[in-house]
Amino acid sequence: EEKGTGVSAEALRELYPVTATKIYMNLGEPDVIDKYVDLPFDGIGLMRIEFILTDWIGYHPVYLLETGKADFFVQRLAEGIAKVASAIYPRPVVVRFSDFKTNEYRGLRGGEKYEPEERNPMLGWRGVSRYIHPAYEKAFRLEVRAIKKVRDEMGLKNVWVMLPFVRTTWEVERVLNIMAEEGLERNKDFKVWIMAEIPSVVLLADEFAKLVDGFSIGSNDLTQLVLGVDRDSQLLAGMGYFDERDPAVLKAIKMLIEAAHRHGRTVSICGQAPSVYPEIVEFLVANGIDSISVNPDAVIPTRRLVASIEKKIMLRRLETIEKMLRSLNT
Ligand code: PEP
Ligand code: MG
């Protein structure tokens, strides 16, 4: 398609600078992809589906199931994902299964009676723990069917998935079994990632690595849980406690990358940290992260920064090699 400048999207894409570290973009609202499709990103590293659930569907999935309208849920969710996947094809879209907390699910029409009051929703029934619970498993299966529809019926094989708020290996095994029962299994062109948001995933990364294709660091939740700081607390944030650059958070990230790479698994990051702090981007690239997913307005600045960091690293290595060769030859 021709732009006002007479430059085609294809010509533009030929110019995309290739960095060893992939640059992905985060996205939540399917329609905004039209505005950003030509940005130089390598894929969508985090597609949140919560916006589709609230604005395109609006009803609680269990309510829809019980009123015989489950197909509506699958259809709308598939449409939202397909909108993005077709716009950027063949670049991958990593779709994150829903990660509402109980208080958020209760806001969906018909949802009150399915959502218990929790003292601490942030640490409660969210992420994978919902998918394997008898009261929600059927709803999770609808999300899986939507993914399957997009991949198999619409032919958009560039759709991968990601599991949020993973706590244990056994829950991942159970979710993978549910997905397999729906006909969705990991293979060479269908990757399943888990989010690293809870310190248990970092501590047992070697075990988790055996189950999935990759990790994506949710630095918002990881910071909250490594430091024990409520991410929504203005008081603590004002005192400087919520800080992704804290050495404990950085150490967790480094440990995860090392463990994942020992097992040939990839590591990405999709929290806010690299969109906000250039020094974190530098840290991530220096430690060999595979991809960095940032907000749309951070795509170009991050690509530029990563290119300059990689160049610096390459030149430094070349110097080291030259020195080593000289000492070998003398
Ligand atoms: C994160 O925790 O960093 C993340 C990307 O997920 P969310 O912000 O949706 O919890
Ligand atoms: Mg999170």
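Residues numbered from 1 in each chain as written. Chains lettered and ligands numbered in written order. Predicted model: local features only at pLDDT ≥ 70, side-chain atom pairs only at ≥ 80, totals over all residues.

Going by what an unreviewed UniProt entry lists, the protein chain is known as Phosphoenolpyruvate synthase and is assigned to Pyrodictium delaneyi.

Considerations on the sheet that holds strand β8 (residues 291–294)
Where strands meet in a sheet, backbone hydrogen bonds hold them as pairs that are either parallel or antiparallel. Spatially, β7-β6-β5-β4-β3-β2-β1-β8 is the arrangement adopted by the 8 strands of the open sheet, whose pairing is parallel. Among the strands making up the open sheet, the edge pair consists of β7 (266–269) and β8. Going from strand to strand, the sheet's axes swing by 30° on average, the running direction of each strand aside. Taken together, the 4 bridges between strand β1 (residues 22–27) and strand β2 (residues 43–48) define a ladder with parallel strand orientation. Directly across from tyrosine 24, in β2, lies its bridge partner glycine 43. (Pairing = 2+ DSSP bridges. Helix = DSSP H or I, 4+ residues; strand = E, 2+ residues; numbered from the N terminus. Axes fitted to C-alpha atoms, helices over the stretch in contact; angles between N-to-C directions.)

Observations regarding the nonpolar core
Residues Ile44, Met47, Ile81, Val95, Ile194 and Leu256 are the most contacted members of the largest nonpolar core, which totals 88 residues. In contact with isoleucine 44, other than residues within four places in its own chain, are Tyr24, Met25, Leu27, Val84, Ile88, Val93 and Val94. (Core = buried A, V, L, I, M, F, W, Y, C linked by C-beta atoms within 7 Å. Buried ≥ 20, exposed ≤ 12 C-beta atoms within 10 Å, placed from the backbone. Contact = placed C-beta atoms within 7 Å.)

Brief notes about the site of ligand 1
Contacts to ligand 1 come from Leu46, Asp99, Glu197, Gly218, Ser219, Asn220, Asp221, Cys270 and Gly271. It is helix α12 (residues 219–227) that contributes the most residues to the shell around ligand 1, 3 residues altogether. Looking at the shell around ligand 1 residue by residue, the class counts come to 2 nonpolar, 4 polar and 3 charged. (Near = placed C-beta within 6 Å. Nonpolar A, V, L, I, M, F, W, Y, C, P; charged D, E, K, R; others polar.)

Section: unusual backbone geometry
What you tend to see is this: most non-glycine residues have negative phi, and most peptide bonds are trans. In this chain, tyrosine 89 is followed by proline 90 through a cis amide linkage whose omega measures 5°. Residue placement: proline 90 occurs in the loop between α5 (70–88) and β3 (93–96).

Points about the environment of serine 98
Counting through the fold element by element, serine 98 comes out in the loop between β3 and α6 (102–105). Each C-alpha atom of the pair serine 98 and isoleucine 292 lies 21 Å from the other, and the pair is 194 residues apart in sequence. Contact partners of serine 98, with chain neighbours within four places excluded, come to Ile49, Glu50, Leu53 and Glu143.

A closer look at helix α17 (residues 299–329)
With 31 residues, α17 ought to run about 45 Å at 1.5 Å a step, and its terminal C-alpha atoms sit 45 Å apart, in line with that. Where α17 is buried, its residues meet β1, α15 (273–276), α16 (278–286) and β8. (Expected span 1.5 Å × (residues − 1).)

Quick word on the pairing of strand β6 (residues 214–217)
Side-chain alternation along β6 places Gly214 and Ser216 on one buried face and Phe215 and Ile217 on a second face that is also buried. Note that strand β5 (residues 192–196) and β6 share 4 bridges and pair parallel. Paired with isoleucine 194 across the bridge in β6 is phenylalanine 215. Strand direction decides the pairing type here: β6 and β7, joined by 4 bridges, are parallel. From the neighbouring strand, isoleucine 217 faces β7, where its bridge partner is isoleucine 269.

With respect to the environment of alanine 82
Tracing the chain through its elements places alanine 82 in helix α5. For alanine 82, a count of 22 C-beta atoms within 10 Å translates into the label buried. The spatial distance from the C-alpha of alanine 82 to the C-alpha of isoleucine 313 is 38 Å, given a sequence separation of 231 residues. Apart from residues no more than four positions distant in its own chain, alanine 82 is found in contact with Val150, Met154 and Leu156.

Description of the pairing of β8
Side-chain alternation along β8 places Ser291 and Ser293 on one buried face and Ile292 and Val294 on a second face that is also buried. Where β1 meets β8, 4 bridges bridge the pair, whose relative direction is parallel. When the sheet's bridge partners are listed, lysine 22 is paired in β8 with serine 291.

Regarding the packing of helix α3 (residues 50–57) against α5
Running from amino to carboxyl end, α3 crosses α5 at an angle of 120°, the nearest separation of the two axes being 10 Å. As judged from the angle between their axes, α3 and α5 are oblique. The hand of the α3/α5 crossing is right-handed. Contacts from Ile52, Trp56 and Ile57 in α3 reach Phe73, Arg76, Leu77 and Gly80 in α5. (Parallel < 35°, antiparallel > 145°, perpendicular 65-115°, else oblique. Left-handed = near helix turned anticlockwise from the far one by under 90°.)

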